[in-house]
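Notes for the structure review
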Amino acid sequence: DSVGNFTGSQELRRVLGSNGTSATRTGTAVPRTPSRGTPGAAAVEPGAAPEHGGQGAAGIGTHRVLAMDVTLAPRDPQAPGQFGHPVAVPEDKQEEARSRWKEGNFNVLLSDLIPVDRAIADTRPAGCSEQQVHDDLPTTTVIMCFVDEVWSTLLRSVHSVLSRSPPSLLRELILVDDFSTKEYLKEKLDAYMSQFPKVKILHLRERHGLIRARLAGARIARGTVLTFLDSHVECNVGWLEPLLERVRLQRARVACPVIEVISDKDMSYMTVDNFQRGIFTWPMNFGWKQIPQEVIEKNKLKETDIIRCPVMAGGLFSIERKYFFELGTYDSGLDVWGGENMELSFKVWMCGGEIEIVPCSRVGHIFRNDNPYSFPKDRVRTVERNLARVAEVWLDDYKELFYGHAYHLLQRRPELGDLSQQMALRDRLQCHSFRWYLQNVYPDLAAPPVKASGLLMNVGTARCIAVQNTTLALQACDVNNKAQHFNYTWLRLLRHGELCVVPVGAAGAPGLRPCTGWESSLAWRHSSMAARPELAEHLVVQHQHPPACLLVHRVLLALRLGACTATDRYQQW
Ligand code: LR7
Ligand code: MN
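Let me begin by describing the structure that accompanies this report. Keep in mind that what you see is a predicted model, and the values were worked out from it rather than measured.

1. Here's the deal with the packing of aromatic side chains
The full count for this structure, using the stated rule, is 19 aromatic pairs. Ring centres 5.4 Å apart and planes at 85° place the aromatic pair F280 and W282 in the edge-to-face group. With a centroid separation of 5.4 Å and 70° between ring planes, the pair formed by F280 and Y442 is classed as edge-to-face. Of the two residues, F280 sits in strand β11 (residues 276–281) while Y442 sits in the loop between α14 (434–440) and β16 (452–455), which places them 162 residues apart along the sequence. For Y442, a relative accessible area of 2% corresponds to the buried category. Ring-pair connections join several aromatic residues into one group, and the members of that group are F280, W282, F346, Y398, F434, Y437 and Y442. Seen from the ring of Y403, R413 lies directly overhead, with NZ or CZ sitting 5.7 Å from the centre.

Here is the structure:
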């Protein structure tokens, strides 16, 4: 059962091909009637105790997933949005719908229109309702953080948890109010939730950001397992048992549901493609990537098979509470939003755990284009700083790839705060290297150690730069000559062994100096990759003002640094 596998059950070591990735989900409309009838999981009244397959107190056995399910008998079958169907904005409400959009960055008017306990189609793959789970599944505390969430959407999230989770497994549902400003999220929310003894509300007295807000919830949780959810979700029938089953079987494991799509426009509930892994691309952008069709066929993967993921989306997952704390929870130095899913994913895998998607567990989520709440500081800088913290602690030398793909970070490195505790934690847990992670968990990630390597050929003279002792010379190009071989690193250094090309060396011309790692004054920008196409192929020293270019002097035929001139072939490399 190697960790390089896509799934928990199949032998798969290599990744074939690669498809496009994306973090913005596109859904497929589900059948208009909840046709995938679940003979075994008939409607059960909320509040009724789940039946446990005839097992007495004497022995622990398994039973079928007997999820609580209001889907087949909704309160008001005629209500708009029932069964997850799309809803249209009434003609006379168009203007109102538009103006209310910004309350949540989705169609808030429609959310208010549809029942808070609507039914949705059972989108689980065939076979899920027949699966067995243990009788002694651990209990869970569901933790839902929110800041200024839309009232009806928050209620629908809560109702879906309460009505589709077996009461015996749901220890409590903790709502963490991250210092919301909306009046309705104060006494009115407390009053509404007081009818559900399992719901606890924690009103934070200052804005914590979702990362520290989750931690505040986790600290008071009493369930064996923590299950985190966003506050604009709808849990589908049978969502909880398979997650808890996977954690029960292996405590060092994070179990994630398939995240389905609640349309921000018409509030319909849509299913998504199967066989998708959670992955990231540089500079640490989360996305989903389809397992290649030939891999699915060759290994006879089934839609219900567990899918192992290099990283998780971040919002929806179950993790054993004690294990979460053993891992040091999140880096609490992460601010507001972003990057914490990368941090926990790397930590889990590199320190002996695993992350998987459980296809029989499905939860809808409203995907939207922008955060509907304010960031205490600049949004982009907050996320970049979080990611840089993660890179510094977990990526080893590969952090250069992160910085190299976020070029501007090379020029203005974010102030990262103290990382010593995170470093010490990684030491204490004796975690694997990032190289191990790449080889064993995410072998299909392109992570070349340098951006480019080879000869530095001047276009105007067709001659190449060579290292002669400790100076630079121009020579006839020769690929077999090691002295002409350079690496162009992710930190934009032109490197030959331990030596770096510096803009101005001892002789006032470009020269060589021992590299010292991070040194933006030695960085060369190869501008074919830049926003100035007129400087295509130039090697530009960015930190000089005005920027200077590496060139071959037309008369002396020697290396110089000079004013950048577009289309000058003596400046092209
Ligand atoms: O300061 C904040 N305080 C909060 O309590 C900011 C947010 N929040 C709450 C917020 O109300 C929401 O319930 O935290 C939750 C997540 O915030 P969203 O919904 O704005 O985040 P998202 O869905 O756009 O982003 C995804 O990435 C985040 C990175 O930090 C979190 O991990 C989210 O939980 C995560 N959501 C998902 O994984 C659902 C699938 C989306 C994807 C990919
Ligand atoms: Mn969300």
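2. A closer look at the sheet that holds strand β25 (residues 548–552)
One open sheet accounts for four strands, arranged β23-β24-β25-β26; its pairing is antiparallel. Edge positions in the sheet fall to β23 (524–526) and β26 (559–563), since each of these pairs with one other strand and no more. The average angle at which neighbouring strand axes cross in this sheet is 40°, direction not considered. Sheet analysis places β25 next to β26, joined by five bridges and oriented antiparallel. Pairing of L551 across the sheet is with R560, part of β26.

3. Some thoughts on the packing of helix α9 (residues 340–350) against helix α10 (residues 379–394)
For the pair α9 and α10, interaxial distance at closest approach is 9 Å and the crossing angle is 15°. Judged on the interaxial angle alone, α10 and α9 are roughly parallel. As α9 runs across α10, the sense of the crossing is left-handed. Between α9, through M342, E343, F346, K347 and M350, and α10, the contact on the second element is made entirely by L387, V390 and W394.

4. Topic: the state of the cysteines
Per the counting criterion, the structure on display carries five disulfides. Each disulfide pairs two cysteine sulfurs, and for C351 the partner residue is C431, the sulfurs being separated by 2.1 Å. On the sign convention where negative is left-handed, the bridge of C351 and C431, at about 95° about the S-S bond, is right-handed. Of the two residues, C351 sits in the loop between α9 and β15 (354–366) while C431 sits in the loop between α13 (420–428) and α14, which places them 80 residues apart along the sequence. Taken as a pair, C351 and C431 share a single burial class, namely buried. One disulfide in the model links C500 with C515; its S-S distance is 2.0 Å.

5. Observations concerning the coordination of the manganese ion (ligand 2)
Within the protein, D230 (OD), H232 (NE2) and H365 (NE2) serve as the donor atoms for the manganese ion (ligand 2), at 2.2 Å. Counting residues between consecutive donors of the manganese ion (ligand 2) along the chain gives the motif D-x1-H-x132-H. Pair noted here: H232 is in the loop between β7 (225–229) and β8 (233–235) and H365 is in strand β15, with a separation of 133 residues, a long-range link. The residues H232 and H365 share a single accessibility class, namely buried.

6. A word on the environment of T28
Locating T28 in the fold gives a position in strand β1 (residues 28–29). For the pair T28 and V261, spaced 233 residues apart in sequence, the C-alpha separation works out to 8.5 Å. Beyond its immediate chain neighbours, meaning those up to four positions away, T28 contacts M270, T271 and D273.

7. Some words on the side chain of Q484
Summarising the element assignment, Q484 is placed in the loop between β18 (471–476) and β19 (485–488). For Q484, a relative accessible area of 0% puts it in the buried group. Residues in contact with Q484, not counting those within four places in the same chain, are G454, L455, L456, C464, I465, A466, Q475, A476, C477 and D478.

8. Digging into helix α5 (residues 209–220)
Over its 12 residues, α5 runs 17 Å from end to end, which matches the ideal 16 Å to within 8%, given 1.5 Å per residue. Within α5, nine of the 12 residues are buried, which leaves it mostly tucked inside the rest of the structure.

9. What about the site of ligand 1?
As a structural note, the neighbourhood of ligand 1 is formed by 27 residues, with D178, S231, G338, E340 and Y373 the closest of them. Between ligand 1 and A313, the relevant distance is 3.5 Å, taken from an oxygen atom to a main-chain nitrogen or oxygen of the residue. One of the side-chain nitrogen or oxygen atoms of H365 is found 3.1 Å away from an oxygen atom of ligand 1. Burial of ligand 1 by the protein amounts to 92% of the accessible area it has alone, namely 800 Å². Counting only elements with at least two residues in the shell around ligand 1, the list comes to β4 (140–146), α5 and β12 (285–290). With three residues, the top contributor of residues to the shell around ligand 1 is α5. Residues that form the shell around ligand 1 fall into these classes: 13 nonpolar, eight polar and six charged.

10. A few points about the pattern of salt bridges
Scanning all chains against the criterion turns up 36 salt bridges. Here E392 ties to R413 by a salt bridge, and the two come within 3.2 Å at their closest N and O atoms. With E392 in helix α10 and R413 in the loop between α12 (408–411) and α13, this pair connects stretches of sequence that are 21 residues apart. By sharing partners, the salt bridges in this structure join R246, R253, R308, E354 and E356 into a single network.

What counts as what
- Residues numbered from 1 in each chain as written.
- Chains lettered and ligands numbered in written order.
- Predicted model: local features only at pLDDT ≥ 70, side-chain atom pairs only at ≥ 80, totals over all residues.
- Heavy atoms only, no water.
- Phe/Tyr/Trp six-rings, centres within 6.5 Å; stacked < 30°, edge-to-face > 60°.
- Helix = DSSP H or I, 4+ residues; strand = E, 2+ residues; numbered from the N terminus.
- Buried < 20%, exposed > 50% of the residue type's maximum accessible area, 1.4 Å probe, protein only.
- Lys NZ or Arg CZ within 6 Å of the ring centre and 35° of its normal.
- Pairing = 2+ DSSP bridges.
- Axes fitted to C-alpha atoms, helices over the stretch in contact; angles between N-to-C directions.
- Parallel < 35°, antiparallel > 145°, perpendicular 65-115°, else oblique.
- Left-handed = near helix turned anticlockwise from the far one by under 90°.
- Contact = heavy atoms within 4.5 Å.
- Disulfide = S-S within 2.5 Å.
- Donors = N, O, S within 2.8 Å, 3.2 Å for Na, K, Ca; no water.
- Expected span 1.5 Å × (residues − 1).
- Near = heavy atom within 4 Å.
- Polar contact = N/O pair within 3.5 Å; in protein donor to acceptor, adjacent residues only side chain to side chain.
- Areas by Shrake-Rupley, 256 points an atom, 1.4 Å probe, with all protein chains shown as cover.
- Nonpolar A, V, L, I, M, F, W, Y, C, P; charged D, E, K, R; others polar.
- Salt bridge = Lys/Arg side-chain N within 4 Å of Asp/Glu carboxyl O.

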